[in-house]
There are 2 protein chains.
Amino acid sequence: MKGEALKGHLDLLILAVLQAGPLHGYAAIEALRRNSGGVFNLPEGTIYPALHRLELGGLLASQWSEHEGRRRRVYRLTRSGRAALSCDIEQWATFARAVAAVVGATG
Amino acid sequence: MKGEALKGHLDLLILAVLQAGPLHGYAAIEALRRNSGGVFNLPEGTIYPALHRLELGGLLASQWSEHEGRRRRVYRLTRSGRAALSCDIEQWATFARAVAAVVGATG
DNA sequence: CTTATTACCTAGTATAGCTAGGTATGAAAG
DNA sequence: CTTTCATACCTAGCTATACTAGGTAATAAG
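This write-up is about the structure you can find in this document. Predicted model only: the values in this text are computed from it and were never measured.

**A few points about the protein's contact with DNA strand D**
Taken together, 24 residues sit near DNA strand D, with Thr46 of chain A together with Tyr26, Glu44, Arg72 and Arg73 of chain B positioned nearest. The sugar-phosphate backbone supplies 69% of the atoms of DNA strand D found within 4 Å of the protein. Tyrosine 26 of chain B is positioned with one of its backbone polar atoms (N or O) 2.6 Å from a phosphate oxygen of DNA strand D. Here glutamate 44 of chain B contributes a side-chain N or O atom positioned 2.4 Å from a base nitrogen of DNA strand D. Those elements that provide at least two residues to the surface near DNA strand D are helix H3 (44-56) of chain A together with helix H2 (25-35), helix H3 (44-56) and strand S3 (70-77) of chain B.

Rendered as structure tokens:
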């Protein structure tokens, strides 16, 4: 993936990956990589600030937990988060359709 | 369209809209609006600098012309531009598929 | 005792699209 | 004739956001 492709779509991806159930940051990175077939291999410096931003915005809620001596911060979608996800999915569909229309247009 | 959705995809859109034939900047804005069904209503401050950047990069070539007393700068795809467009289309397909996979994944 | 993996964090940087302002012509409205 | 609207171009500066590059810390393997 080239540089700026994600801009404006990262929130959608994070909310989407948390739709299946709560995850901690590191696991979210792996889930995104796996679910995208390796296309989204996001650095931690991308994910962690985004998770904080989303929590601050009330779309996620977090809880510290312990697993084999390592602390984890587990995030889950809030009600607002689920609503935002629906909205973002629709917006994405609109965007993707519009791009396809422009690319496909021959005249 | 919300804020940053276009980031990293604008070049594709501009190259794509010029695929059908040369256009000047203002006409490119209208073509993008029309072809996208009104989704891409881009301000001039977005298009003009992008056209300049693409020309500087050798993907576009421009030529001044006159039409009913108004000067126009008409842009056309170069050979490199056509190659870049093919590449961008493929990249877009990869990106869109990956987003769809993440959004569609339920587990 | 070093390296790798897991797991978190953030200050600063880069970039690209957008805002908001400007110039100028021709046509229509008043 | 003056104002407004549409056409047509331009750019300095703002802002948002993903990323770079650095840091901390625990466990396990070599």
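Moving on, there is more to tell.
**Remarks on the packing of aromatic side chains**
This model, assessed by the stated rule, comprises seven aromatic pairs over all chains. Put simply, the rings of Phe40, Trp92 and Phe95 of chain A together with Phe40, Trp92 and Phe95 of chain B pair up and form one aromatic cluster.

**Concerning the protein's contact with DNA strand C**
Residues in close proximity to DNA strand C total 24 residues, the closest being Tyr26, Glu44, Arg72 and Arg73 of chain A together with Thr46 of chain B. Among the atoms of DNA strand C lying within 4 Å of the protein, the sugar-phosphate backbone contributes 67%. Within the side chain of tyrosine 48 of chain A, one N or O atom sits 2.9 Å away from a phosphate oxygen of DNA strand C. Within the contact set of DNA strand C, a phosphate oxygen lies 3.1 Å away from a side-chain nitrogen or oxygen of histidine 52 of chain A. The biggest single contributor to the surface near DNA strand C is H3 of chain A, with five residues. Considered class by class, the residues forming the surface near DNA strand C number six nonpolar, eight polar and 10 charged.

**Digging into the interface of chain A and chain B**
Chain A puts 33 residues into the contact, and the matching count from chain B is 33 residues. Here chain A packs against chain B, burying approximately 2,900 Å² in sum over the two surfaces, 73% of which is carbon and sulfur. Where chain A meets chain B, there are zero salt bridges. Here chain A and chain B share two residue pairs in polar contact (both at pLDDT 80 or more) between them.

**Here's the deal with the relation of the copies chain A and chain B**
Rotating chain A by 180° and moving it 0.0 Å along the rotation axis overlays it on chain B with an RMSD of 0.1 Å. The transformation relating the two chain copies, once decomposed into turn and shift, fits a two-fold axis. Scanning chain A for the C-alpha nearest the rotation axis identifies lysine 7 of chain A, at a separation of 2.8 Å. Same-surface contact between copies: 100% of interface residues of chain A are shared with the interface of chain B.

**Overview of the side chain of histidine 9 of chain A**
For histidine 9 of chain A, the location among the structural elements is in the segment before helix H1 (10-17). Its relative accessible area of 4% is what places histidine 9 of chain A among the buried residues.

**Quick look at the environment of valine 17 of chain A**
All names here are of chain A. Among the structural elements, valine 17 can be located in helix H1. Here valine 17 falls in the buried class, since its relative accessible area comes to 6%. It is 14 Å that separates the C-alpha atoms of valine 17 and tyrosine 48, two residues lying 31 residues apart in sequence. Ignoring any residue separated from it by four or fewer positions in sequence, one finds valine 17 in contact with Leu23, Ala28, Ala31, Leu32 and Asn35.

Reading guide: rules and limits
- Residues numbered from 1 in each chain as written.
- Chains lettered and ligands numbered in written order.
- Predicted model: local features only at pLDDT ≥ 70, side-chain atom pairs only at ≥ 80, totals over all residues.
- Heavy atoms only, no water.
- Near = heavy atom within 4 Å.
- Polar contact = N/O pair within 3.5 Å; in protein donor to acceptor, adjacent residues only side chain to side chain.
- Helix = DSSP H or I, 4+ residues; strand = E, 2+ residues; numbered from the N terminus.
- Phe/Tyr/Trp six-rings, centres within 6.5 Å; stacked < 30°, edge-to-face > 60°.
- Nonpolar A, V, L, I, M, F, W, Y, C, P; charged D, E, K, R; others polar.
- Contact = heavy atoms within 4.5 Å.
- Buried area = accessible area lost by both parts, 1.4 Å probe.
- Salt bridge = Lys/Arg side-chain N within 4 Å of Asp/Glu carboxyl O.
- Least-squares fit on C-alpha atoms with pLDDT ≥ 70 in both.
- Buried < 20%, exposed > 50% of the residue type's maximum accessible area, 1.4 Å probe, protein only.

None of this, on its own, says anything about what the molecule does.
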